[in-house]
Amino acid sequence: MNTLDHFRKEACVWLEDNCPPGARGPGPFHTGSSKIPLDNPDLQVWLERMAEKGWTVPTWPKEYGGAALTSEQYVALLEEMKSVGARPPLINRGTMMVGPTILEFGNEEQKKRILPIIARGEGAWCQGYSEPGAGSDLASLRTTAVPDGDRYLINGQKIWTSDGHTSEWMFILVRTGPIEPKHDGISFFILNMDQPGVDARPIQLISGGSHFCETFFENAVADKRDMISELNKGWTVGKRLLQHERSGMEMLVSGGTGRRQTTVVDVARKYCGNNNGRIVDEFRESVTSYEMDAHALKLTQRRIVEESTDGKTPGAATSIMKVVSTDLEKIQTELMASLRGTQGYGWEGDGFNQEELNGARQFLRSRAASIYSGSNEIQRNIIAKRVLGLPD
Ligand SMILES: Cc1cc2nc3c(=O)[nH]c(=O)nc-3n(C[C@H](O)[C@H](O)[C@H](O)COP(=O)(O)OP(=O)(O)OC[C@H]3O[C@@H](n4cnc5c(N)ncnc54)[C@H](O)[C@@H]3O)c2cc1C
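Predicted model only: the values in this text are computed from it and were never measured. (Residues numbered from 1 in each chain as written. Predicted model: local features only at pLDDT ≥ 70, side-chain atom pairs only at ≥ 80, totals over all residues.)

1. Examining the overall build of the protein
Then step 1. Each helix and strand in the protein was counted, giving twelve helices and eight strands.
Then step 2. Taken along its principal axes, the extent of the C-alpha atoms in the protein is 75 × 50 × 45 Å.
Then step 3. By residue count, 39% of the 392 residues in the protein fall in the buried class.
Then step 4. Intrachain contacts of the protein at a sequence separation of at least 6 include 70% that bridge at least 24 residues. (Helix = DSSP H or I, 4+ residues; strand = E, 2+ residues; numbered from the N terminus. Buried ≥ 20, exposed ≤ 12 C-beta atoms within 10 Å, placed from the backbone. Contact = placed C-beta atoms within 7 Å.)

Okay, structure coming up:
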């Protein structure tokens, strides 16, 4: 048996023994937030056990809370988790976005101090990028950070801060160079959300829910030692973080065990199948076409993981992943709603089952996917310039 087979076998036995029932099959993930009541105690047990093994961030070095797995071992681990139905122990912006960014740009002290906190899931993270007047044109941001002894004082406002009110930490882009050209006057900090100078106010949505906030800063404090990379070099750091966000790795990690359990084929068979479970002609082509594209995307994501030597995300090409995956997400949710017919568009009431109600919400939510993390128009600009090398 070669080393990889050996690893796979051991992982499978360990997962089978240690993954509690409440962390298997479809269901919610642990986000690290202590501000969201955890209805299912198994999620905490699962997080702690996996963190102990270094498997919340399997490819990170051991000294920072990881397990130093090779990319082959990482893929094998994901496959074994899938085979026992184990959900990922932790999904948040710490493991997916700011952690990999600190690995690349942080100094040794920051890596030793911050990365283990992320790996153990001690707190959730939110992203302080967008501002009123600085969305697609992010470099126009105006929130300032001014030095004050060993710290910086932050003043200004962010908007659309997803999970701002339930996060313990924020990574934030701030203006530290007021007279420099706009891209050259930005710094990247991490910031504690639980302090008097930070006020995250949930924005009430028409659905009644509140997933994102307006976040106000009035002399909020960030430690000097929490500036990632150098003064006024934050634009490079912030852009790199967006590449991690856009890579869609979250979907690969969560694939098959989490939120999207009901597949397009399931829905097609149930609502548009004949007696043999064969999908009716009218929908067969669109279902097949979606399934082929979704499969190709998954294989491409997997290839990217396998080809990267140390779990790193590729550069500007991640914009391609973002466009393809968000377009597909829209096609998927729209197709599922159409397959369900009038049952696919219910908002509330006894006439719809829970899956149908969830489907309608997913369909509406998927419209936002081509806006957040940089709209698809902006991604196409990046692809044109940075991947294809076309002139401005
Ligand atoms: C669900 C959701 C969650 C979000 N979460 C966060 C978060 O956690 N943290 C955070 O900081 N932000 C977050 N955002 C904000 C998001 O990053 C911005 O909405 C996005 O960058 C677009 O900015 P804008 O809304 O200001 O639109 P605008 O920049 O005003 O754009 C309006 C339209 O013009 C188009 N456009 C603009 N410039 C160009 C151009 N140069 N070329 C072609 N087309 C262009 C855009 O594509 C868009 O269609 C979230 C947004 C959504 C929808």
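2. Here we look at the site of the ligand
Then step 1. As a matter of local geometry, the ligand sits amid 18 residues, with Tyr129, Gly135, Ser136, Ser162 and Ser375 nearest to it.
Then step 2. Split by domain, the shell around the ligand shows at least three residues from each of two domains, domain 2 (125–232) and domain 3 (262–387). (Near = placed C-beta within 6 Å. Domains from an automatic or database assignment.)

3. A closer look at the nonpolar core
Then step 1. In terms of nonpolar packing, the biggest core is built from 47 residues, with Leu115, Met170, Phe189, Ile190 and Leu191 touching the most fellow members.
Then step 2. Structurally, this core is a two-domain feature, drawing no fewer than three residues from each of domain 1 (3–98) and domain 2 (125–232).
Then step 3. Setting aside residues no more than four positions away along its own chain, Leu191 makes contact with Trp169, Met170, Ile172, Ala220 and Ala222.
Then step 4. Core analysis: the next-biggest nonpolar cluster, separate from the first, contains 17 residues, Leu47, Trp55, Leu77 and Leu90 among them. (Core = buried A, V, L, I, M, F, W, Y, C linked by C-beta atoms within 7 Å.)

4. A word on the domain arrangement of the protein
Interface size is commonly expressed as the accessible area that is lost once the parts come together.
Then step 1. For the protein, the assigned domains read domain 1 (3–98), domain 2 (125–232) and domain 3 (262–387).
Then step 2. Here domain 2 and domain 3 have C-alpha centroids that lie 31 Å from each other.

5. Looking at the pairing of strand E5 (residues 186–192)
Then step 1. Within E5, six of the seven residues are buried, which leaves the element mostly enclosed by the surrounding structure.
Then step 2. Note: strand E4 (residues 169–175) against E5, seven bridges, orientation antiparallel. Looking at the pairing, Ile172 lines up with Phe189 of E5.
Then step 3. Across two bridges, the pairing between E5 and strand E8 (residues 227–228) is antiparallel. Of the residues in E8, the one forming a bridge with Phe189 is Met227. (Pairing = 2+ DSSP bridges.)

6. Here's the deal with the packing of helix H1 (residues 3–18) against helix H3 (residues 71–84)
Then step 1. H3 packs onto H1 with a crossing angle of 35° between their chain directions and a minimal axis gap of 9 Å. At the point where H1 passes H3, the crossing takes the right-handed sense. Here Leu4, Phe7, Arg8, Ala11, Cys12, Leu15 and Glu16 of H1 lie close against H3, whose contacting residues are Glu72, Gln73, Ala76, Leu77, Glu80, Met81, Ser83 and Val84.
Then step 2. Grouping the amino acids of the contact of H1 with H3 by side-chain chemistry returns nine nonpolar, two polar and four charged. (Axes fitted to C-alpha atoms, helices over the stretch in contact; angles between N-to-C directions. Left-handed = near helix turned anticlockwise from the far one by under 90°. Nonpolar A, V, L, I, M, F, W, Y, C, P; charged D, E, K, R; others polar.)

7. A word on the environment of Phe352
Then step 1. Along the chain, Phe352 falls in the loop between helix H10 (318–340) and helix H11 (354–366).
Then step 2. Residue Phe352 is classed as partly exposed on the basis of its C-beta count, with 19 C-beta atoms lying within 10 Å.
Then step 3. With near-sequence residues (within four places) excluded, Phe352 lies in contact with Gln343, Gly346 and Leu357.

8. Quick look at the pairing of E4
Then step 1. Across the seven residues of E4, seven count as buried, placing the element largely inside the fold.
Then step 2. Here E4 shows two buried faces, one formed by Trp169, Phe171, Leu173 and Arg175 and the other by Met170, Ile172 and Val174.

9. Looking at helix H6 (residues 234–246)
Then step 1. Look at H6: 18 Å from first C-alpha to last across 13 residues, which is about the 18 Å you get at 1.5 Å a residue.
Then step 2. Judged by how many residues are buried, H6 sits mostly within the fold: ten of 13 residues are covered.
Then step 3. Among the residues of H6, Gly234, Trp235, Val237, Gly238, Leu241, Leu242, Gln243, His244, Glu245 and Arg246 are the ones counted as buried. (Expected span 1.5 Å × (residues − 1).)

10. A closer look at the environment of Lys182
Then step 1. Tracing the chain through its elements places Lys182 in the loop between E4 and E5.
Then step 2. Sequence spacing of Lys182 and Ser140 is 42 residues, and the spatial spacing of their C-alpha atoms is 6.4 Å.
Then step 3. If we ignore the near neighbours within four places in the chain, the residues touching Lys182 are Ala139 and Ser140.

11. Observations regarding the environment of Leu390
Then step 1. Within the element layout of this structure, Leu390 appears in the segment after helix H12 (376–387).
Then step 2. Not counting chain neighbours up to four residues away, the residues in contact with Leu390 comprise Ala384 and Lys385.

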